[in-house]
Amino acid sequence: AQSVAQPEDQVNVAEGNPLTVKCTYSVSGNPYLFWYVQYPNRGLQFLLKYITGDNLVKGSYGFEAEFNKSQTSFHLKKPSALVSDSALYFCAVSEMTGNTPLVFGKGTRLSVIA
Amino acid sequence: DGGITQSPKYLFRKEGQNVTLSCEQNLNHDAMYWYRQDPGQGLRLIYYSQIVNDFQKGDIAEGYSVSREKKESFPLTVTSAQKNPTAFYLCASTLGERNNQPQHFGDGTRLSIL
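Basis of the calculations
Residues numbered from 1 in each chain as written. Chains lettered and ligands numbered in written order. Predicted model: local features only at pLDDT ≥ 70, side-chain atom pairs only at ≥ 80, totals over all residues. Heavy atoms only, no water. Helix = DSSP H or I, 4+ residues; strand = E, 2+ residues; numbered from the N terminus. Polar contact = N/O pair within 3.5 Å; in protein donor to acceptor, adjacent residues only side chain to side chain. Buried < 20%, exposed > 50% of the residue type's maximum accessible area, 1.4 Å probe, protein only. Pairing = 2+ DSSP bridges. Salt bridge = Lys/Arg side-chain N within 4 Å of Asp/Glu carboxyl O. Contact = heavy atoms within 4.5 Å. Buried area = accessible area lost by both parts, 1.4 Å probe. Nonpolar A, V, L, I, M, F, W, Y, C, P; charged D, E, K, R; others polar.

**Here's the deal with the side chain of Arg36 of chain B**
All names here are of chain B. Relative to the helices and strands, Arg36 resides in strand S4 (residues 31-37). A polar contact is formed between the side chain of Arg36 and the side chain of Tyr64, at a distance of 2.9 Å. In this structure the side chain of Arg36 is engaged in a polar contact, spanning 2.8 Å, whose partner is the backbone oxygen of Asn84.

Structure (structure tokens):
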């Protein structure tokens, strides 16, 4: 069965500094990987996904993520954080084969301080 | 604009009462999902449906029921058997059955016990 770990409940970063939100995964085969963002009292918004190909994936709002198969990681990054990036971030994984639904991590709250 | 509409935004349940949460999508998506979100626990899958007139249990289906009579609608009933229903409920949909498609989310229903 697949699983996702987001080891940090909270990440604090100063505005203008680079940010990283960590995600590691476990699947029996090859993964599909996703990042979503959630603002208060709203649904999740899709940021980016890794399906196959280039290990560096670029997504919405200047975010990117790097797929590392040997470390089973898919960390979310942004070169320069904005206060408006403050939100709850979720990593999710599904298996390339089969038809099982996405499994989500528990989320990491990002706080960008001006 | 295409999207997913969840209603109501806030819902209160009395002891012994069943309540139904609405989820409608006009994206022509095949698959629909219901998640429960509790603080610090991420998203947990309740039920999902990949095609009309068919649905499968997720990880926490006990005390909940669903129907999928139309492609665009996937209502969730929280029954009196669900002893701890207070949570934020999210509905999502994807195009097709393949796991490489991102999920689109509604803005949720917050359910509380009176």
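**Quick look at the pairing of strand S5 (residues 43-51) of chain B**
Residue and element names in this part refer to chain B. Counting buried positions along S5 gives seven out of nine residues, so the element sits mostly inside the fold. The pairing of S4 with S5 spans six bridges and is classified as antiparallel. Directly across from Met32, in S5, lies its bridge partner Ser49. Between S4 and S5, which pair antiparallel in sequence order, lie five residues; one of them, Gly40, sits at a positive phi of approximately 75°. Hairpin connection from S5 to strand S6 (residues 54-57): two residues lie between these consecutive antiparallel strands, with Asn53 at a positive phi of about 65°.

**Digging into the pattern of salt bridges**
Inspection of every chain in the model, using the stated rule, returns six salt bridges over all chains. Lys58 of chain A is paired through a salt bridge with Glu64 of chain A; the nearest N and O atoms lie 2.9 Å apart. Judged by its relative accessible area of 63%, Lys58 of chain A falls in the exposed class. We note a salt bridge from Arg36 of chain B to Asp38 of chain B, for which the minimum N-O separation is 2.8 Å. Considered together, Arg36 of chain B and Asp38 of chain B belong to a single accessibility category, that of buried residues.

**A few points about the interface of chain B and chain A**
At the interface, 24 residues of chain B touch 23 residues of chain A. In this assembly, chain B packs against chain A so that about 1,800 Å² is buried in total across both faces, 49% of it on carbon and sulfur atoms. The interface formed by chain B and chain A includes one salt bridge. Across the salt bridge formed by Arg42 of chain A and Asp107 of chain B, the nearest N and O atoms sit 3.1 Å from each other. Scanning the region where chain B abuts chain A turns up six residue pairs in polar contact (both at pLDDT 80 or more). In terms of residue count, the dominant contributor to the side of chain B that touches chain A is S5 of chain B (four residues). When its residues are assigned to classes, the side of chain B that touches chain A shows nine nonpolar, ten polar and five charged.

**A few points about the environment of Ala92 of chain B**
All names here are of chain B. Take Ala92: it is sitting in strand S9 (residues 87-94). Owing to a relative accessible area of 0%, Ala92 belongs among the buried residues under this scheme. Setting aside residues no more than four positions away along its own chain, Ala92 makes contact with Ile4, Ala31, Met32, Tyr33, Tyr35, Gln103, His104 and Phe105.

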